[in-house]
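These are the residues of each chain, in order.
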Amino acid sequence: MGLKGLYGGGNMEAIAKIYKEVLGRNLVDLMKDLIQVCRSDLPKELEADATMLVEYKGKFKELGEQEIVAIKRLWESAEIQKAHRESRRVDSKTNFLSNTHHLIQKLDEFAEPDYLPDAKERAYARMRTTGISEQKLNIEGKKLKVVDVGGMRSERRKWVHTYENVKAIVFCVSLSDYNEKCFEDHTTNRLQDSLALWEKIANETCFGKTQFLLLFTKKDLLSEKLEALQKDGDHSADLKLNKCPALENVAKAGEKNLTVDEVVKILEEQFLARVKRSDAYVLVESANITEAEEIKGVIARLKADRNVNESCALQ
């Protein structure tokens, strides 16, 4: 949803209202998940707040002061904080949002009737893509059609319907996935799954004239995990890089001193090594998708790249 928020064009006020509702729904769903994890441990004085939110079925724009106060009280509790910390564990079966802190900090503003999220805040929205959607974007005066496909395994069989006349593919890899499991089976490492999928897509013969942008995202979340690992050491075993098979050798060599850029470089080598086609052209970038200027920087470098420019007419 990030590119749409930055370059969607059209009625931006209407778009912002949609994003506000999505962000609000993200927040309510997050609190419901956290409550379910620690419901039995919550003190009696928070039980009414928990029940109110778990049973809440309205839209985010309908949240009243009572619900907002309940969210704040619960978030400040030791039980909810513990549940949120443990959500980083690789065996966690609940998919927690990576934008939690930002949403909580913005709660009062989001609740204002006239408040509309800006481009950066819209990039925090989380909505699982199902099916295939087409978006028309206006990037610095150039109109492009972007086809967004759902990444879940159940959605991938539909991709074949989009393979014709593809000029460029943006393959996004979440750096924070290195110690997380797939939504579908809670067994397969997410980053390892991305690596296997990349190998399949990058070597498809039908993409012989297609340019690839390999985009590593969520550098900020990887940074947070590495900082916690370096600070807590053995107490952060679930954050170790060896949770991803592709990074096992790196971890053995001494992961505590690695920077985000070094991890990105190692992963870049791993992904590029999976490309067997000699005619493949792959441009590699990394960014925080919540930072508008970083995404615009990626677009600018794409425009400056001659190979991509000639193929995709980013002019």
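Definitions and cut-offs
Residues numbered from 1 in each chain as written. Predicted model: local features only at pLDDT ≥ 70, side-chain atom pairs only at ≥ 80, totals over all residues. Heavy atoms only, no water. Helix = DSSP H or I, 4+ residues; strand = E, 2+ residues; numbered from the N terminus. Buried < 20%, exposed > 50% of the residue type's maximum accessible area, 1.4 Å probe, protein only. Expected span 1.5 Å × (residues − 1). Phe/Tyr/Trp six-rings, centres within 6.5 Å; stacked < 30°, edge-to-face > 60°. Pairing = 2+ DSSP bridges. Axes fitted to C-alpha atoms, helices over the stretch in contact; angles between N-to-C directions. Contact = heavy atoms within 4.5 Å. Salt bridge = Lys/Arg side-chain N within 4 Å of Asp/Glu carboxyl O. pLDDT = per-residue confidence, 0-100. Core = buried A, V, L, I, M, F, W, Y, C linked by side-chain atoms within 4.5 Å.

Asks: Explain the overall build of the protein chain here, please?
Replies: Tallying secondary structure elements over the protein chain gives 15 helices and five strands in all. Across the 315 residues that make up the protein chain, the buried fraction comes to 45%.

Asks: Can you walk me through helix H13 (residues 260-273) in this structure?
Replies: Residues three or four positions apart in an α-helix share a direction because the helix packs 3.6 residues into each turn. Taking 1.5 Å of rise per residue, the 14 residues of H13 would be expected to cover 20 Å, and the 20 Å separating its terminal C-alpha atoms lies within 8% of that figure. Residues of H13 that are buried include every one of Val260, Val263, Val264, Ile266, Leu267, Glu268 and Phe271, and no others.

Asks: Can you walk me through the packing of aromatic side chains in this structure?
Replies: The description of an aromatic ring pair rests on the distance of the ring centres and on the angle between the ring planes. Under the counting rule described, the total for this entry stands at five aromatic pairs. Ring centres 6.4 Å apart and planes at 55° place the aromatic pair Trp198 and Phe271 in the tilted group. Here the residue Trp198 occupies a position in helix H10 (residues 190-202), and Phe271 occupies one in helix H13, the gap between them amounting to 73 residues. Both residues of the pair, Trp198 and Phe271, belong to the buried class. When the centroid spacing of 6.2 Å and the interplanar angle of 80° are considered together, the rings of Phe207 and Phe212 count as edge-to-face. The buried category is assigned to Phe212, whose relative accessible area is 2%. Through successive ring pairs, a cluster of aromatic residues spans Phe171, Trp198, Phe207, Phe212, Phe216 and Phe271.

Asks: Is there a simple way to explain the sheet that holds strand S4 (residues 211-217) in this structure?
Replies: Within a beta sheet, neighbouring strands are joined by backbone hydrogen bonds and run either parallel or antiparallel to one another. Here three strands make up an open sheet; going across it, the order is S3-S4-S5 and the pairing parallel. At either end of the open sheet lies a strand with only one pairing partner, and these are strand S3 (168-174) and strand S5 (282-287). Averaged over all pairs of adjacent strands, the angle between their axes in this sheet comes to 20°, without regard to strand direction. Bridge count between S4 and S5: six bridges; the pairing is parallel. Bridge pairing in S5 places Leu215 opposite Glu285. Sheet strands in contact with H10 are S3, S4 and S5, and its direction is about 165° off that of S3. Against the sheet, H13 touches S3, S4 and S5, its axis set at about 145° to S4.

Asks: How should the pattern of salt bridges be read in this particular structure?
Replies: Two side chains of opposite charge can pair, provided their charged atoms sit close to one another. Under the defined criterion, the tally for this structure stands at ten salt bridges. Between Arg274 and Glu199 there is a salt bridge, and its shortest N-O distance comes to 2.9 Å. In this pair, Arg274 sits in the loop between H13 and S5 while Glu199 sits in helix H10, placing the two residues 75 residues apart along the sequence. On the accessibility criterion, Arg274 (23% relative accessible area) is partly exposed.

Asks: Mind showing me how you'd approach the confidence of the model for the protein chain here?
Replies: Detailed reading of the predicted coordinates is not advisable wherever pLDDT is low. Looking at the protein chain, the pLDDT average stands at 77 and 73% of residues meet or exceed 70. Every residue in residues 90-95 is under pLDDT 50, and counting partners more than four places away or in other chains gives 15 contacts.

Asks: Explanation requested: the side chain of Ser77 in the structure shown.
Replies: Here Ser77 is to be found in the loop between helix H4 (65-76) and helix H5 (78-86). Given the relative accessible area of 7%, Ser77 is considered buried. Ignoring anything within four residues of it in the chain, the contact list for Ser77 reads Leu42 and Leu46.

Asks: It is not clear to me how unusual backbone geometry should be interpreted in this structure. Could you clarify?
Replies: The phi torsion of most residues other than glycine is negative, and most of the peptide bonds are trans. For Lys218, which is not a glycine, the phi torsion comes out positive at approximately 60°. Structurally, Lys218 can be placed in the loop between S4 and helix H11 (219-232).

Asks: Looking at this structure, how should I read the environment of Asp177?
Replies: In this structure, Asp177 sits in the loop between S3 and H10. Under the relative-accessibility criterion, Asp177 is labelled buried at 11%. Sequence separation of Asp177 and Thr217 is 40 residues, and the distance between their C-alpha atoms is 10.0 Å. Contacts of Asp177, omitting those with residues within four sequence positions, involve Asn189, Arg190 and Leu191.

Asks: Before we go on, may I ask you to explain the nonpolar core in this structure?
Replies: In summary, soluble globular proteins display a tendency toward joint burial of nonpolar side chains. One finds Trp198 and Phe271 to be the most contacted residues of the largest nonpolar core, which totals 35 residues. Elements with a minimum of two residues in this core: S3, H10, S4, H11 and H13. The contacts of Phe271, once residues within four sequence positions are left out, are Phe171, Val173, Leu191, Ser194, Leu195, Trp198, Leu214 and Phe216. Of all hydrophobic cores here, the second largest spans 30 residues; its members include Leu27, Ala50, Leu103 and Leu107.

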